[in-house]
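Analysis of the macromolecular model
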Amino acid sequence: MEDFIQLTSENIDQEHICCAFSDKKCQESYALKKEWLKQEFENGFTFIRLDERAKVFLEYVPAENAWIPVTAPEYLMLNCFWVSGKYKGKGYGKALIQKAVEEADQSGKNGLVAVVGTKKFHFMTDGKWLQRQGFVEVERLDSGFSLLVKKIKTNAPDPVFNASCRSGECEENEGLVAYYSHRCPFAEYHVQHSLQATAESKGIPLKLIRLESKMQAQNCPSPATIFSLFYQGKFLTTDLSVCMEARFDKFMSKLQLL
């Protein structure tokens, strides 16, 4: 994989992490994502990207250490996976997935697992594309999430969603509740600035819950631990853009919630 480089604790300060390198307002969040990565590299987290200034990359981690409410012993969990713009259709996505398959095989893992949306969810990997690469669905939630697996060991047990996220509801049932983490270089800025301002403007109570640990994330009421927004206890969306007032109004109007 000569076109790709792997980020490590030694080179991450000098290398970009793809997502937000051109978004100046998210520079603080970008730095927080790098700090999160440094911590997670110690837990087997892998970040591979194209050796270009481009948004072409894959993250994966032993599922036991994933910040996602899924039980998948001896699997590798795919995290963010993105091939954008002019780089689509050139085999980069397949090459990145093959890298993960090879690592899973060499380390004796059962295979790969990924959480996707049954409809298009922002910050979620394209499930239909993964299924064309040999992934199969093993579980689906009414809230719109699906669990896909690509097994290396055919007799391995299926991964399952944790109980915390099965209902599509959170414990807080008043106003807006946002669960988010530093897994994404956009989340901190838009939650702390855009969403706060939107909630104040609308007079809607808002509770922000930043996931600070693997344990907390694995017990999250949503499989989307980058960002999930709930309203009156019900899951709404993973789309960070609804933090901005104009997008929030359009989204809520479409759902006839306000």
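All residue numbers here refer to positions counted from 1 along the written sequence of the relevant chain. At least 70 in pLDDT is required for a residue's local features to be given in this predicted model, at least 80 for side-chain atom pairs to be given and counted, and no such filter applies to totals for whole chains, interfaces and linings, which use all residues. No hydrogens and no water enter the side-chain calculation; it runs on all heavy atoms of the structure.

1. Quick word on the overall build of the protein chain
Secondary structure is summarised from DSSP: a helix means a run of H or I of at least four residues, a strand means a run of E of at least two, and numbering begins at the N terminus for each. Helix and strand counts for the protein chain stand at six helices and 13 strands. Against the compact-globule benchmark of 18 Å for 258 residues, the protein chain has a radius of gyration of 18 Å, which places it among compact chains. Burial status follows relative accessibility: with a 1.4 Å probe on protein chains alone, a residue under 20% of its type maximum counts as buried, one over 50% as exposed, and anything between as partly exposed. Within the protein chain, the proportion of its 258 residues that are buried is 55%. The criterion used for residue contact is that any of the two residues' heavy atoms lie within 4.5 Å. Considering only contacts in the protein chain between residues 6 or more positions apart, those separated by 24 or more positions represent 65%. Put simply, the protein chain shows about 12,200 Å² of open surface, and 45% of that area lies on carbon and sulfur atoms. When charges are tallied, Lys and Arg are placed among the positive residues and Asp and Glu among the negative ones, while His and the ends of the chain are skipped. Charge positions are represented by NZ for Lys, CZ for Arg, CG for Asp and CD for Glu. The protein chain carries 32 positive and 33 negative side-chain charges, and their two centres are separated by 7 Å. Every radius of gyration here is taken over C-alpha atoms, with the globule rule written as 2.2 Å times N^0.38, N being the number of residues. Here the open area of atoms and residues is found with the Shrake-Rupley method and a 1.4 Å probe, where only the protein chains shown may cover a residue.

2. Things to note about unusual backbone geometry
Phi is positive for Glu-74, which is not a glycine, with a value near 65 degrees. Secondary-structure assignment places Glu-74 in the loop between β4 (70–71) and β5 (75–83). Its relative accessible area of 38% is what places Glu-74 among the partly exposed residues. Positive phi outside glycine occurs at Gln-232, with the angle close to 50 degrees. Structurally, Gln-232 is set in the loop between β12 (227–231) and β13 (234–237).

3. Some remarks on the environment of Glu-74
Taking the C-alpha atoms as reference, Glu-74 lies 16 Å from Asn-162; in sequence the two are 88 residues apart. Those residues in contact with Glu-74, other than ones at most four positions away along the chain, are Glu-64, Lys-109, Asn-110 and Gly-111.

4. Regarding the nonpolar core
Among buried residues, those of type Ala, Val, Leu, Ile, Met, Phe, Trp, Tyr and Cys that are joined through side-chain atoms within 4.5 Å constitute a nonpolar core. Counting 65 residues, the largest nonpolar core has Phe-145 and Phe-227 as the members making the most contacts within it. Counting residues in hydrophobic clusters, the runner-up holds 25 residues, among them Phe-4, Ala-54, Val-83 and Trp-129.

5. Some details on the sheet that holds strand β2 (residues 46–50)
Strand pairing is assigned whenever DSSP identifies at least 2 bridges connecting the two strands. Ordered by their spatial adjacency, seven strands build an open sheet running β1-β2-β3-β5-β6-β8-β7, and the pairing between neighbours is mixed. Unpaired on one side and paired on the other, β1 (4–7) and β7 (136–140) mark the two borders of the sheet. Strand-to-strand twist across the sheet, computed as the mean angle between neighbouring axes with direction ignored, equals 30 degrees. Where β2 lies against strand β3 (residues 56–62), four bridges are found, and the strand directions are antiparallel. Residue pairing in the sheet places Thr-46 in a bridge with Tyr-60 of β3. Only the stretch in contact is used when fitting a helix axis, every axis being a line fitted to C-alpha atoms; angles between N-to-C directions are given from 0 to 180 degrees.

6. A short note on the pairing of β2
Most of β2 sits inside the fold, with five of its five residues counted as buried. The pairing of β1 with β2 spans four bridges and is antiparallel. Residue pairing in the sheet places Gln-6 in a bridge with Ile-48 of β2.

7. Looking at a nonpolar patch on the surface
Distance thresholds for patches are 9 Å for like charges and 5 Å for nonpolar side chains (Val, Leu, Ile, Met, Phe, Trp, Tyr), applied to residues having over 30% relative accessible area and no salt bridge. For salt bridges, the criterion is a side-chain nitrogen of Lys or Arg within 4 Å of an Asp or Glu carboxyl oxygen. The grouping of Leu-255, Leu-257 and Leu-258 at the surface amounts to a nonpolar patch, some 260 Å² of accessible area in total. In this fold, Leu-258 is placed in the segment after α6 (245–255). What makes Leu-258 exposed here is its relative accessible area of 56%.

8. Observations concerning the sheet that holds β12
One key point about sheets: their strands pair by backbone hydrogen bonds, in either a parallel or an antiparallel sense. Pairing is mixed across the open sheet formed by four strands, whose spatial order is β11-β10-β12-β13. Each edge of the open sheet carries a strand with a single partner, namely β11 (206–210) and β13. Adjacent strand axes in the sheet meet at a mean angle of 25 degrees when their direction is disregarded. Of the strands in this sheet, β10 (176–180), β11 and β12 touch helix α4 (residues 187–202), which is tilted by about 170 degrees from β11. Across the face of the sheet, α6 comes into contact with β10, β12 and β13 while running at roughly 125 degrees to β13.

9. Concerning the side chain of Ser-143
Looking at the element boundaries, Ser-143 is found in the loop between β7 and β8 (145–151). For Ser-143, a relative accessible area of 16% puts it in the buried group.

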